[in-house]
Amino acid sequence: MKLKNTLNSLVIRLLKCKVITRYLLKYSVQLKRQNFFVEDAEMIFYRSKLISYIFCLIVLLTSLSVFKGMLLFYGIGCAIGITFYHDLKLREWNKKIVHDIYEEMPVMIMSIKLLVIAGMPTVKAIEKSTQNGQISLCIGKVNTKVINGSSLVKSYMFLANRLQLSIITRFCRIVIQDEKHGSKETIQLLDKLLDDLWKQRKTNYLKRGEEASTKLLMPMMMALVSILIAMMVPALSQLLTVV
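Notes on the structure in this doc start here. (Residues numbered from 1 in each chain as written. Predicted model: local features only at pLDDT ≥ 70, side-chain atom pairs only at ≥ 80, totals over all residues. Heavy atoms only, no water.)

A few points about the pattern of salt bridges
Counted by the stated rule, this structure contains 5 salt bridges. It is possible to trace a salt-bridge network through shared partners that takes in Arg-170, Lys-192 and Asp-196. (Salt bridge = Lys/Arg side-chain N within 4 Å of Asp/Glu carboxyl O.)

Spelled out as structure tokens, the structure:
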């Protein structure tokens, strides 16, 4: 506990430095998003990052003083890898969250639209349409803020600001507009958003298909090269024996 408090105070001091603050700007959007789902995510990340830098320095100094030859290069490689571990972990977490939201949104919007057409108020329709998944966590946090005294408009603005996703921002604008001016255009706006989401999903699937085919290309090339080598070696050995 003492070590944790010491690291937290050290992180707070380092964050006051302008150079470090500028360096950490590249994590701001991802950490905002993670902080929405995980309590105190920013401090956890900065603390882990600080520990990784300290550990990296220890590994690097040990490698330079003890190891030689290839072991030295392995030690330096491990030290560099340690510093980027938490970056990759944060990036993967964000990638998964964004993917889940994009997958869940079309079904949710379709359900909201049908309930609104049936005469249900938009806010109630949103609650009924978000029973599980990442979207339900988002709406749950918004509802908690409303219960704690925040206005619905401010709560949805907070959601849009935290997640920094265009589809969430558009959805929040629709809800805010519905709250301020009524649901005259809500169904048309939901229809447009739903259409864009299906198009985005189709684009994502095509992109994933292209990435999968590209990933398969390298093993196929390696297999082809190994087959060519296996065929050429006996022929070359026979040629050399004849010569």
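So, next bit.
Re the packing of aromatic side chains
Following the criterion strictly, the structure yields 1 aromatic pair and no others. Centroid distance Tyr-156 to Phe-171: 6.4 Å. Interplanar angle 70°. Geometry classified as edge-to-face. Here Phe-171 lies in helix H9 (residues 166-181) and Tyr-156 lies in helix H8 (residues 152-163), a separation of 15 residues in the sequence. Both residues of the pair, Tyr-156 and Phe-171, belong to the buried class. Over the face of the ring belonging to Phe-158 we find Lys-145, whose NZ or CZ atom lies 4.3 Å from the ring centre. (Phe/Tyr/Trp six-rings, centres within 6.5 Å; stacked < 30°, edge-to-face > 60°. Helix = DSSP H or I, 4+ residues; strand = E, 2+ residues; numbered from the N terminus. Buried < 20%, exposed > 50% of the residue type's maximum accessible area, 1.4 Å probe, protein only. Lys NZ or Arg CZ within 6 Å of the ring centre and 35° of its normal.)

Topic: helix H6 (residues 122-129)
If you check which residues of H6 are buried, you get Thr-122, Ala-125, Ile-126 and Ser-129. Projection of H6 onto a plane perpendicular to its axis shows the buried side chains occupying an angular sector of 105°, all on one side. (Arc of directions from axis to C-beta.)

Concerning the state of the cysteines
Scanning the entire structure with this criterion turns up 0 disulfides. Note on Cys-138: no disulfide assigned, nearest cysteine sulfur contributed by Cys-172 at a separation of 8.9 Å. By relative accessible area, which is 1% here, Cys-172 ends up buried. (Disulfide = S-S within 2.5 Å.)

Section: the packing of H8 against H9
Relative orientation of the contacting elements H8 and H9 amounts to 170°, with a least axis distance of 9 Å. Taken together, the axes of H8 and H9 are roughly antiparallel relative to one another. The segment H8 lies against H9, with Leu-152, Val-153, Tyr-156, Met-157, Leu-159, Ala-160 and Leu-163 engaging Ile-168, Thr-169, Phe-171, Cys-172, Val-175, Ile-176, Glu-179 and Lys-180. Taken together, the residues that form the contact of H8 with H9 break down as 12 nonpolar, 1 polar and 2 charged. (Axes fitted to C-alpha atoms, helices over the stretch in contact; angles between N-to-C directions. Parallel < 35°, antiparallel > 145°, perpendicular 65-115°, else oblique. Contact = heavy atoms within 4.5 Å. Nonpolar A, V, L, I, M, F, W, Y, C, P; charged D, E, K, R; others polar.)

Regarding unusual backbone geometry
The phi dihedral of Gln-164 is positive, around 55°, even though this residue is not glycine. Mapped onto the elements of the fold, Gln-164 is located in the loop between H8 and H9.

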